[in-house]
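Structural overview
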Amino acid sequence: MSITVRIPAPLQAVAGNRLEVEADGGTIAELLADLDNRFPGFRQRVYDETGRLRRFLNVYVNQEDIRFLSGETTPIKDGDEVSIVPAVAGG
Amino acid sequence: MSSYIHHVQGLACRDCGRNYPLENLTVCEHCFGRLEPRYNYGAIRRYLSRGLIYSRPQNIWRYRELLPLTGLPQVGQSNGFTPLVRARRLAERLGVSELYIKNDAVNAPTLSYKDRVVPVAISRALETGLELFACASTGNLANSVAAHAAQAGLPCIVFIPDNLEAAKIVNSLVYGPTVVAVKGNYDAVNRLCAELTARHPSWGIANVNLRPYYAEGAKTMAFEIAEQLGWRFPRHVVLPVAGGTLLPRVHRGFDEFVKVGLVEGELPRIHAAQPEGCCPVVDAFLHRRDRIVPQKPNTIAKSLAIGDPADGYTVLESLKATGGSAVAVPDEEIIGAIKLLAETEGIFAETAGGATLAGAVRLSESGVIPRHESIVVAVTGNGLKTQAALDGALAQPVRVEARVEHFEAAWQELQKEAIAA
Ligand SMILES: Cc1ncc(COP(=O)(O)O)c(C=O)c1O
Ligand SMILES: [Zn+2]
């Protein structure tokens with residue numbers, strides 16, 4: 001099983017300098033844990049000191065913000081597309 | 001321009017404190033926090049005086065020491081210095097004693113507050129040799145980005161949601177950019193642009209990789225308000241919130257004027273207004289949430305329809321720091337406020353301005369803004385771009401034949417109706 005994850009510019013250095021990586025997991029939390037296995041230090045960049053996803057980092061499954069789904073327990077399956085995107089300003 | 005002495009020194013992360021050189025960065029590389037330019041305020045204090053500001057043209061660049069350019073600006077000569085109107089008739093209607101409208105409905109060249117931020121962003125793009133100017137926009141930013149790209153002669157792409165008002169689309173298309181209408185709401189447009197910056201490092205996306213520079217332009221609204229009031233602050237300022245760029249920079253602008261010694265006194269209390277159909281920041285404020293919960297927007301105020309505001313926390317910090325508050329208003333009150341402002345002051349605001357005035361009315365009625373204290377309400381966009389919002393809300397023209405007796409009969413009829421009403 002394999003899920004494509006889009007990596008934002010500030011995380012590319014920790015993710016082998018790639019725009020997209022493959023990872024596994026049944027939920028977003030598992031997927032992020034798998035990314036930390038593949039790329040040590042990944043977790044620390046994505047979670048804050050209190051163990052929550054950083055508040056200026058958004059995660060999308062097939063274009064939908066996981067905060068409109070089930071957050072980190074949002075289920076994911078083979079072929080899903082996950083994007084990690086920093087919050088950007090409006091206009 | 002090597003002869004220009006600039007006072008901006010670098011970027012600093014508001015969240016973890018890390019410092020960066022002046023680079024085109026969207027967020028802190030470490031914690032994804034918010035980056036802000038740092039200035040040498042001591043040097044600015046010694047150099048920048050009221051007299052020097054007076055001696056310069058009436059546009060945003062008269063405050064250029066407090067803007068993050070490293071050379072002299074090449075575009076934006078008509079931007080800013082919009083009227084601060086003493087709104088006597090409106091004040092009387094609302095029962096308040098000192099009310100002003102900061103009228104960015106007539107900001108130039110594209111009739112919204114975005115004409116303050118975009119010239120700073122494009123100047124930065126030009127200084128750093130970027131090859132294309134772009135943005136993700138609810139409409140007004142796109143208009144301004146397209147116009148300034150034309151001024152500077154840069155290729156341009158504007159990304160907008162596919163449900164925008166026709167006028168906002170025409171007001172981008174006319175400048176000749178590529179207009180990309182993205183299926184979905186503004187937050188989808190934003191996400192797409194955030195992903196694109198990683199692929200196209202030579203593009204300057206105003207609200208993405210130029211964000212720390214772009215946002216600074218909004219401080220000029222505060223600088224102008226203080227200068228136009230005779231180098232003093234009002235007690236209250238009411239501002240609209242969408243992505244949250246404007247409000248915290250107005251706060252920062254007031255704060256900087258104190259830092260560099262141009263104005264003394266207590267900072268104004270800053271209040272936020274959002275439409276009920278998209279009010280994640282007001283919701284977080286009123287419920288004291290530590291995380292902003294994103295919303296799916298549903299409001300006629302499309303320029304405020306940002307359900308996941310990147311600077312929402314920055315807004316909350318400014319409200320708290322200044323003792324301000326937050327208010328959400330229903331669409332009917334937005335329309336009512338647009339009409340009230342037009343009928344009392346002769347100013348035609350777009351829906352965002354209606355939301356802001358409606359919010360001010362509520363805050364005044366509930367006593368949050370005491371009636372005898374001075375208030376500035378920011379009208380940030382022009383009603384000519386959101387005319388559809390008034391469908392069915394205005395009287396119809398009186399139709400007559402071109403004959404005196406026809407007109408006189410119709411006129412008498414109208415006067416009878418007016419007396420009856
Ligand atoms: C007319 C108008 N007013 C206010 C805003 C909200 O500004 P901000 O995103 O800075 O909160 C916008 C944003 O698009 C706008 O177009
Ligand atoms: Zn940081």
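Residues numbered from 1 in each chain as written. Chains lettered and ligands numbered in written order. Predicted model: local features only at pLDDT ≥ 70, side-chain atom pairs only at ≥ 80, totals over all residues. Heavy atoms only, no water.

**A short note on the overall build of chain A**
A count of helices and strands for chain A gives 3 helices and 5 strands. Counting from the amino terminus, helix and strand elements in chain A follow one another as β-α-β-α-α-β-β-β. In terms of overall size, chain A behaves like a compact globule, its C-alpha atoms giving a radius of gyration of 12 Å where 91 residues would be expected to give roughly 12 Å. On the principal axes, the C-alpha backbone points of chain A span a range of 40 × 30 × 25 Å. Going through the 91 residues of chain A one by one, you find that 54% of them count as buried. Considering only contacts in chain A between residues 6 or more positions apart, those separated by 24 or more positions represent 48%. Carbon and sulfur atoms make up 48% of the accessible area of chain A, which totals about 4000 Å². (Helix = DSSP H or I, 4+ residues; strand = E, 2+ residues; numbered from the N terminus. Rg over C-alpha atoms; globule rule 2.2 N^0.38 Å. Buried < 20%, exposed > 50% of the residue type's maximum accessible area, 1.4 Å probe, protein only. Contact = heavy atoms within 4.5 Å. Areas by Shrake-Rupley, 256 points an atom, 1.4 Å probe, with all protein chains shown as cover.)

**Focus: the interface of chain B and chain A**
Opposite the 39 residues of chain B that make contact, chain A presents 31 residues. Interface of chain B and chain A: buried area, both sides summed, is about 3000 Å²; carbon and sulfur atoms make up 55% of it. When the buried surface of chain B facing chain A is broken down by residue, F32(B), R191(B) and R291(B) rank first, second and third, together holding 26% of it. For the pair chain B and chain A, the number of links is 8 salt bridges. Between R55(A) and D15(B) there is a salt bridge; the shortest N-O distance is 3.3 Å. Element by element, the count of residues in the side of chain B that touches chain A is highest for helix α7 (residues 186–199) of chain B, at 7 residues. Grouping the amino acids of the side of chain B that touches chain A by side-chain chemistry returns 15 nonpolar, 11 polar and 13 charged. (Buried area = accessible area lost by both parts, 1.4 Å probe. Salt bridge = Lys/Arg side-chain N within 4 Å of Asp/Glu carboxyl O. Nonpolar A, V, L, I, M, F, W, Y, C, P; charged D, E, K, R; others polar.)

**Observations regarding the sheet that holds strand β10 (residues 236–240) of chain B**
Residues and elements named next belong to chain B. Strand order in this open sheet of 6 strands is β4-β5-β13-β10-β11-β12, and the pairing throughout is mixed. The open sheet terminates on both sides in strands that have one partner only, identified here as β4 (84–86) and β12 (326–329). Averaged over all pairs of adjacent strands, the angle between their axes in this sheet comes to 25°, without regard to strand direction. Two elements, β4 and strand β5 (residues 99–103), share 3 bridges in a ladder whose sense is antiparallel. For V85, the partnering residue across the bridge sits in β5 and is I101. The strands that helix α10 (residues 246–259) touches are β10 and β11 (269–275); relative to β11, the one it contacts most, it runs at about 170°. Sitting on the sheet, helix α13 (residues 331–345) is in contact with β4, β5, β11, β12 and β13 (375–379), with an inclination near 100° to β12. (Pairing = 2+ DSSP bridges. Axes fitted to C-alpha atoms, helices over the stretch in contact; angles between N-to-C directions.)

**Structural notes on the site of ligand 1**
Near ligand 1 there are 18 residues, and of these Y113(B), N140(B), A242(B), G244(B) and T380(B) occur at the shortest range. Near ligand 1, the surrounding residues are drawn from chains A and B. A distance of 2.8 Å is found between an oxygen atom of ligand 1 and a backbone nitrogen or oxygen belonging to A242(B). Between ligand 1 and S303(B) there is a distance of 3.2 Å, counted from an oxygen atom to a backbone nitrogen or oxygen. Coverage of ligand 1 by the protein amounts to 100% of the 390 Å² it exposes when considered alone. Classifying every residue of the shell around ligand 1 gives 7 nonpolar, 9 polar and 2 charged. (Near = heavy atom within 4 Å. Polar contact = N/O pair within 3.5 Å; in protein donor to acceptor, adjacent residues only side chain to side chain.)

**Examining the coordination of the zinc ion (ligand 2)**
Residues and elements named next belong to chain B. On the protein side, the zinc ion (ligand 2) has C13 (SG), C16 (SG), C28 (SG) and C31 (SG) as donor atoms, found 2.3 to 2.4 Å from it. The site at the zinc ion (ligand 2) holds 4 donor atoms, and with the angles between them running 102 to 114°, its shape is tetrahedral. Along the chain, the residues donating to the zinc ion (ligand 2) are arranged with the sequence spacing C-x2-C-x11-C-x2-C. Looking at C13, the relative accessible area reads 5%, which means it is buried. The exposure class assigned to C16 is partly exposed, which follows from its relative accessible area of 31%. (Donors = N, O, S within 2.8 Å, 3.2 Å for Na, K, Ca; no water. Tetrahedral: all angles 85-135°; square planar, octahedral: opposite > 155°, others 65-115°.)

**A short note on α10(B)**
Residues and elements named next belong to chain B. Here α10 is 14 residues long and its end C-alpha atoms lie 20 Å apart, about the 20 Å a rise of 1.5 Å per residue gives. By the criterion of burial, α10 is predominantly enclosed, with 11 of the 14 residues buried. Among all positions in α10, only L246, L247, P248, R249, V250, H251, R252, G253, F254, E256 and F257 are buried. Immediately downstream of α10, the backbone of G261 shows phi near 80°, a positive value. (Expected span 1.5 Å × (residues − 1).)

**Considering the sheet that holds strand β1 (residues 8–13) of chain B**
Spatial ordering of the open sheet is given by β2-β1-β3 (chain B), a layout of 3 strands whose pairing is antiparallel. Each edge of the sheet is formed by a strand with only one pairing partner; in this case those strands are β2 (19–20) and β3 (35–39) of chain B.

**A few points about unusual backbone geometry**
Residues and elements named next belong to chain B. Backbone torsion omega between A108 and P109 reads 5°, so that peptide bond is classified as cis. Examined against the element boundaries, P109 turns out to sit in the loop between β5 and α4 (114–127). Its identity is not glycine, yet F32 carries a phi of approximately 65°, on the positive side. As for its placement among the helices and strands, F32 is situated in the loop between β2 and β3. Of the residues examined, F32 reaches a relative accessible area of 0% and is grouped as buried.

**Focus on the side chain of Q12(A)**
Looking at the element boundaries, Q12(A) is found in helix α1 (residues 9–12). Take Q12(A): its relative accessible area is 14%, and that puts it in the buried class.

**Observations concerning the packing of aromatic side chains**
Scanning all chains against the criterion turns up 9 aromatic pairs over all chains. Relative to Y313(B), the ring of F56(A) has its centre 5.6 Å away and its plane inclined at 90°; by these criteria the two rings are edge-to-face. Here Y313(B) lies in helix α12 (residues 312–322) and F56(A) lies in the loop between α3 (42–46) and β3 (57–61), a pairing that spans two chains. The class of F56(A) is buried, set by a relative accessible area of 4%. (Phe/Tyr/Trp six-rings, centres within 6.5 Å; stacked < 30°, edge-to-face > 60°.)

**Quick word on the packing of helix α9 (residues 219–228) of chain B against α10(B)**
Residue and element names in this part refer to chain B. In contact at an axis separation of 7 Å, α9 and α10 are set at 50° when each is read in the N-to-C sense. Taken together, α9 and α10 sit at an angle that is classed as oblique. Read as a crossing pair, α9 and α10 show a hand that is right-handed. Note on element contacts: α10 touches α9 through L246, R249, V250, R252, G253, F254, E256 and F257, opposite K219, M221, A222, F223, I225 and A226. For the contact of α9 with α10, the residue count by class is 9 nonpolar, 1 polar and 4 charged. (Parallel < 35°, antiparallel > 145°, perpendicular 65-115°, else oblique. Left-handed = near helix turned anticlockwise from the far one by under 90°.)

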